[in-house]
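Overview (structure and organization)
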Amino acid sequence: MKNTAFTQKHLAAGAKMAPFAGFNMPISYTGINDEHAAVRNNAGVFDVSHMGEFILKGEGALDLIQRITTNDASKLSAGKAQYSALTNNEGGIVDDLLVYCLEPNKSYMLVVNAGNIQKDWNWISALNTAGVEMHNISEKTCLLAVQGPNATKILQPLTEMDILNLKYYTFTKGKFAGVDNVLISATGYTGAGGVEIYFEDINGAADIIWDAIFEAGKTAGIKPIGLGARDTLRLEMGFCLYGNDIDDTTSPLEAGLGWITRFTKNFTASSILEKQKSEGVKRKLVGFEMIDKGIPRHDYQIADAEGNIIGKVTSGTQAPSLQKAIGMGYVTTENTHTDNEIYILIRDKKLKAKVVKLPFQ
Amino acid sequence: MNIPDSLRYTKDHEWVKLDGNTATIGITDFAQGELGDIVYVEIETVGKTLDADAVFGTVEAVKTVSDLFLPVSGTINEVNPALAGTPELVNSDPYGEGWMIKMTVNNPADVEGLLDAAGYQQMVG
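Residues numbered from 1 in each chain as written. Chains lettered and ligands numbered in written order. Predicted model: local features only at pLDDT ≥ 70, side-chain atom pairs only at ≥ 80, totals over all residues. Heavy atoms only, no water.

1. Describing the overall build of chain A
Definition in use: Under the scheme used here, helices are H or I runs from DSSP no shorter than 4 residues and strands are E runs no shorter than 2 residues, and both carry numbers assigned from the N terminus. Each radius of gyration reported is based on C-alpha atoms, and the globular scaling rule is 2.2 Å times the count of residues to the power 0.38. When accessible area is computed with a 1.4 Å probe and restricted to protein chains, residues below 20% of their type maximum are described as buried, those above 50% as exposed, and intermediate ones as partly exposed. Every residue pair with non-hydrogen atoms within 4.5 Å of one another is taken to be in contact. Accessible areas in this description were obtained via Shrake-Rupley with a 1.4 Å probe; residue shielding takes into account the shown protein chains only.
Within chain A, the regular secondary structure consists of 8 helices and 19 strands. For 361 residues, the compact-globule estimate of 2.2 N^0.38 gives 21 Å, and chain A sits close to it at 21 Å. If one aligns the C-alpha atoms of chain A with their principal axes, the spans along those axes are about 65 × 50 × 40 Å. Counting the 361 residues in chain A, one finds 58% classified as buried. Once local pairs closer than 6 in sequence are excluded, the contacts in chain A between residues at least 24 apart make up 64%. Total accessible area computed for chain A in this model is approximately 14900 Å², and 50% of it derives from carbon and sulfur atoms.

2. A closer look at the interface of chain B and chain A
Definition in use: Buried area adds together the accessible area that both of two parts lose upon being put together, with accessible area traced by a 1.4 Å probe. In the sections that follow, a salt bridge refers to a side-chain nitrogen of Lys or Arg positioned within 4 Å of a carboxyl oxygen of Asp or Glu. As used in this structure description, the phrase polar contact means that two N or O atoms lie within 3.5 Å; if the pair is within protein, one of them must be able to donate a hydrogen and the other to accept it, and residues adjacent in sequence are counted only when both atoms belong to side chains.
The partner chain A presents 17 residues to the 17 residues of chain B that form the contact. Of the roughly 1400 Å² buried between chain B and chain A, counting both surfaces, carbon and sulfur atoms make up 45%. The three residues of chain B that bury the most area against chain A are Tyr40, Val62 and Lys63 of chain B, which together make up 40% of that side's buried surface. On the surface where chain B and chain A come into contact, there are 6 salt bridges. Inspection of the region where chain B meets chain A yields 15 residue pairs in polar contact (both at pLDDT 80 or more). At the level of secondary structure, the elements contributing two or more residues to the side of chain B that touches chain A comprise α1 (29-35), β4 (38-42) and β6 (55-61) of chain B.

3. What to know about the packing of helix α2 (residues 32-41) of chain A against helix α7 (residues 227-237) of chain A
Residues and elements named next belong to chain A. Test applied: Note on method: axes are straight lines fitted to C-alpha atoms, helices fitted across the in-contact stretch only, with angles between N-to-C directions ranging 0 to 180 degrees. Oblique is the label for any angle not covered by the other classes, which are roughly parallel (under 35 degrees), roughly antiparallel (over 145) and roughly perpendicular (65 to 115). Note on convention: near helix rotated counterclockwise from far helix by under a right angle means a left-handed crossing. Clockwise means right-handed. Side-chain classes follow a simple rule in which Ala, Val, Leu, Ile, Met, Phe, Trp, Tyr, Cys and Pro form the nonpolar group, Asp, Glu, Lys and Arg form the charged group, and the remainder, Gly included, forms the polar group.
Two elements in contact, α2 and α7, have axes whose closest approach is 8 Å; the angle formed by their N-to-C orientations is 55 degrees. On the basis of the axis angle, α2 is oblique to α7. At the point where α2 passes α7, the crossing takes the right-handed sense. Along its contact with α2, which presents Ile32, Glu35, His36, Val39 and Arg40, the element α7 presents Gly228, Ala229, Thr232, Leu233, Glu236 and Met237. Of the residues in the contact of α2 with α7, the class split is 5 nonpolar, 3 polar and 3 charged.

4. Re the sheet that holds strand β19 (residues 349-356) of chain A
To be explicit about the condition: At least two DSSP bridges between two strands are needed for those strands to be called paired.
One closed barrel accounts for 6 strands, arranged β14-β17-β16-β15-β18-β19 (chain A); its pairing is antiparallel. For this sheet, the mean inter-axis angle between neighbouring strands, taken without regard to orientation, is 45 degrees.

5. Side note on the pattern of salt bridges
Within this structure, the stated rule accounts for 22 salt bridges over all chains. For Lys2 of chain A, the salt bridge goes to Glu139 of chain A, with nearest N and O atoms at 3.2 Å. Of this pair, Lys2 of chain A sits in the segment before α1 (7-12) while Glu139 of chain A sits in the loop between β8 (133-136) and β9 (141-147), and the two are 137 residues apart along the sequence. According to the relative accessible area criterion, Glu139 of chain A is exposed, its value standing at 68%. The salt bridge involving Lys349 of chain A is made with Glu44 of chain B; its shortest N-O contact spans 2.8 Å. Of this pair, Lys349 of chain A sits in strand β19 while Glu44 of chain B is found in the loop between β4 and β5 (49-50), placing the two residues in two different chains. When its relative accessible area of 22% is taken as the criterion, Lys349 of chain A is described as partly exposed. Bridged by salt links that share partners, the residues Arg297, Arg347 and Lys349 of chain A together with Glu42, Glu44 and Glu60 of chain B form one connected network.

6. Re the nonpolar core
All names here are of chain A. Going by this rule: Note on terminology: a nonpolar core comprises buried Ala, Val, Leu, Ile, Met, Phe, Trp, Tyr and Cys residues joined through side-chain atoms within 4.5 Å.
Residues Tyr100 and Ile344 are the most contacted members of the largest nonpolar core, which totals 60 residues. Ranked by the residues each element gives to this core, the list is headed by strand β17 (residues 324-332), at 5 residues. Sequence-distant contacts of Ile344, that is, excluding residues within four places in its chain, are made with Phe288, Met290, Pro296, Tyr300, Gln301, Ile302, Val313, Lys349, Lys350, Leu351 and Ala353. Counting residues in each nonpolar core, the second largest holds 32 residues, with Tyr29, Val146, Leu166 and Ala206 among its members.

7. Details of the pairing of strand β10 (residues 171-176) of chain A
Residue and element names in this part refer to chain A. As paired strands, β10 and strand β11 (residues 179-185) are joined by 5 bridges and run antiparallel to one another. Paired with Phe176 across the two strands is Val179, which belongs to β11. Linking β10 back to β11 in an antiparallel pair, the connection comprises 2 residues, with Ala177 at a positive phi of about 55 degrees.

8. Quick notes on helix α3 (residues 61-68) of chain A
Residue and element names in this part refer to chain A. Most of α3 sits inside the fold, with 6 of its 8 residues counted as buried. Buried within α3 are the following residues: Ala61, Leu62, Leu64, Ile65, Gln66 and Ile68. Taken together, the buried residues of α3 touch β4 (52-57), β5 (81-87), β6 (93-103), β7 (107-112) and α4 (117-127).

9. Quick notes on the sheet that holds strand β8 (residues 74-79) of chain B
Residues and elements named next belong to chain B. Spatially, β1-β2-β3-β9-β8-β5 is the arrangement adopted by the 6 strands of the open sheet, whose pairing is antiparallel. A strand with exactly one partner marks an edge of an open sheet, and here the two such strands are β1 (8-9) and β5. Relative to β8, β5 runs antiparallel, the two sharing 2 bridges. Considered in β8, the bridge of Leu50 is made with Gly74.

10. Description of the side chain of Arg230 of chain A
With respect to the helices and strands, Arg230 of chain A occurs in helix α7. Ignoring anything within four residues of it in the chain, the contact list for Arg230 of chain A reads Phe46, Val48, Ala145, Tyr189 and Glu196 of chain A.

Written as structure tokens, this is what we have:
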């Protein structure tokens, strides 16, 4: 199992650790509900260094990205990022990812899920027929997500870069906490605002930056946050988690990711997806909240009032900010309208739920 | 970790307090810590007579769901009514306010056969 550059910090902070995607990661420190509230209301720090980063460089870099991802990366200027997906030959999702434009046409960073680093690398390499220079910088790259309404206020004194006014899905690079070449982007997967901080762990940079952030956030009460709260935070927003809500067998259109699926260019299986779009998909990912008392979990079956199986739960939890049980799952398209009553099969019971709009409220 | 000497324990992390032939049962401090924030305790076996090791309910934390196993055979008489509205009592006071059920045990001597505090301490390390 791999460690990140912050493992000793997590242990010193009393984190409950568990294996995740081959990494020894902090699941929680003081409790998921407490950490979740800290991010929604104040600020919290996630070590997400397990995520993968690839650099694609050269004249053909943009063309390669355009051919393998669903979103339109030609729209990106320097300092902009976008959410996108890699598709397989059947129109399923190889991974969801972020595309950072370092230099238009010439240099990009792809940020991929930890569990998919090797799979994505192999997939992209096989499609790299024009000899684009590829670097897997995952091992040496540290990534901290500092999220919450007070995150940028806390971090601003640590740098001369303007991070208070950094627009959503844009980034800047410079000196942060005395460390050079730190990339800060106004991204994150919590819906709480804040930034993500990428840097290389050289000359003790990981310790320096971790300590500087916690010192800067001391009076404001900044907290370390584990992957448990990361999951409840993203789920409240209706954000997909790879391996739960999306995978090689789900199409971006089924998953509600039509907004990042642009038919202004050709990409892997774009013709299949275009056909899906014009004919309509047979199932869709929906959000639902429980009416009866119970908590939906991954893989529980979903039925209609007559007891016919109409789908499956992909994510579920008791939502800490909302004080109700929520979930997402794929159901047949005729069952996807808002307020439609569906039933979640929990152990030996059929419990009533209703389809709701995302994000959950 | 809190493991009171006065209680008996199971390998499934339940504790038992015997008073005559009535036993009060809950989950241990270790168990609540492992589960994390508890959000729902579902016990629908009141009035039922079950064997030792039978599932008498489930406890749901934010991230996980876990079965509850009956430490000894007997009849379940009562579920802690406070848990319906405040399941977090299991986290904050696992041996007190966070108790789960009261039961009439078939054979009080069965409780003596469970782990004592030292035995449980050794098991969880």
